[in-house]
Amino acid sequence: YYVHHVGSGHRHRAQVLAARLQRDGVAVTGLSSLPRPDGWDGEWVRLPRDDDGDPRHVSAHGHLHWAPLLHDGTRSRAAALSAWLEAARPDLLVVDVSVEVLLLARLHGVPAVGVVLPGRRDDRAHLLGLGVAEALVGFWPRTAGDMTPGLPAELRERLVPVGALSRHPVRPALRSQPHVGERTVVLMLGSGGHDISAADVRA
């Protein structure tokens with residue numbers, strides 16, 4: 001399970017899914033530049049960072065999202081992933097999220113599942129990475145509206161909404177019906193990857 005290092009949602013998903021799979025006897029290895037999370041029961045491969053120093057020419061002319069040229073971390077990270085893929089010979093790699101890791105897995109002949117986040121994912125890099133994935137999943141319910149506007153039909157047909165996922169126990173609602181005229185608002189922000197201001201919260 002490749003865990004992107006920005007924010008906390010990728011790590012939380014990995015922890016919940018890994019714990020569930022391990023109850024079924026499926027070994028899960030975490031791959032990330034993040035430190036091993038507390039409570040992670042399994043192998044954890046700490047990858048070199050590729051976003052330090054002065055990363056340049058990161059997009060490969062718009063074909064990738066993050067692959068800096070002539071960057072020691074980029075080379076070391078790809079080498080560490082390749083070495084692990086060769087040594088571990090995994091049956092499957094879940095990639096949450098990275099176009100570059102999806103491509104690297106496919107180039108090693110390892111089937112990969114791409115986690116798709118809500119929003120527009122129709123740029124060249126997303127189309128390339130998601131296109132080589134064996135399967136695509138989104139963590140929202142099937143009844144949700146268009147969570148990935150602009151995604152081509154070929155990819156949309158392969159995208160499976162698997163429902164919400166939480167590291168917290170699911171509890172019943174405090175009351176079954178809101179009061180007449182009462183609005184209920186939920187605001188959930190992670191530890192990164194958003195640009196919500198205090199004014200947005202008040203609104």
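For the structure itself, look to the data block above.
Read on for a plain summary of the structure. (Residues numbered from 1 in each chain as written. Predicted model: local features only at pLDDT ≥ 70, side-chain atom pairs only at ≥ 80, totals over all residues. Heavy atoms only, no water.)

## A closer look at the environment of Tyr1
Then, number 1: By secondary structure assignment, the location of Tyr1 is in the segment before β1 (2–3).
Then, number 2: With a relative accessible area of 7%, Tyr1 lands in the buried category.
Then, number 3: Contacts of Tyr1, omitting those with residues within four sequence positions, involve His10, Arg13, Ala14, Leu17, Val28, Thr29, Gly30, Leu31, Leu93, Val94, Asp96 and Val115.
Then, number 4: Here the side chain of Tyr1 touches Asp96 through a polar contact of 3.0 Å, side chain to side chain. (Helix = DSSP H or I, 4+ residues; strand = E, 2+ residues; numbered from the N terminus. Buried < 20%, exposed > 50% of the residue type's maximum accessible area, 1.4 Å probe, protein only. Contact = heavy atoms within 4.5 Å. Polar contact = N/O pair within 3.5 Å; in protein donor to acceptor, adjacent residues only side chain to side chain.)

## Some points on a nonpolar patch on the surface
Then, number 1: Taken together, Leu187, Leu189, Ile196 and Val201 make up a surface patch of nonpolar side chains, about 330 Å² in accessible area.
Then, number 2: Within the secondary structure, Ile196 sits in the loop between β7 (159–161) and α6 (198–202).
Then, number 3: Owing to a relative accessible area of 38%, Ile196 belongs among the partly exposed residues under this scheme. (Patch = residues over 30% accessible without salt bridge, like charges linked within 9 Å, V, L, I, M, F, W, Y side chains within 5 Å. Areas by Shrake-Rupley, 256 points an atom, 1.4 Å probe, with all protein chains shown as cover. Salt bridge = Lys/Arg side-chain N within 4 Å of Asp/Glu carboxyl O.)

## Concerning helix α1 (residues 9–23)
Then, number 1: With 15 residues, α1 ought to run about 21 Å at 1.5 Å a step, and its terminal C-alpha atoms sit 22 Å apart, in line with that.
Then, number 2: Turning to α1, its buried residues number three or more, namely His10, His12, Arg13, Ala14 and Ala18.
Then, number 3: Packing partners of the buried residues in α1 comprise β1, β4 (93–96) and β5 (112–115).
Then, number 4: Count one or two residues on from α1 and you reach Gly25, which has phi positive near 85°. (Expected span 1.5 Å × (residues − 1).)

## Things to note about the packing of aromatic side chains
Then, number 1: In this structure the tally under the stated criterion is 1 aromatic pair.
Then, number 2: Ring geometry for Trp40 and Trp44: centres 4.9 Å apart, planes at 75°, overall edge-to-face.
Then, number 3: By relative accessible area, which is 11% here, Trp44 ends up buried. (Phe/Tyr/Trp six-rings, centres within 6.5 Å; stacked < 30°, edge-to-face > 60°.)

## Topic: helix α3 (residues 99–107)
Quick reminder: α-helices carry 3.6 residues per turn. Residues three or four places apart thus point the same way.
Then, number 1: With 7 of 9 residues buried, α3 lies mostly within the body of the structure.
Then, number 2: Among the residues of α3, Val99, Glu100, Val101, Leu102, Leu103, Leu104 and Ala105 are the ones counted as buried.
Then, number 3: In this structure Ser98 caps α3, since a side-chain oxygen of it lies 3.3 Å from the backbone nitrogen of Glu100.
Then, number 4: Backbone geometry just downstream of α3 places Gly109 in the positive-phi region, at approximately 75°.

Worth remembering: the numbers are spatial, not functional.
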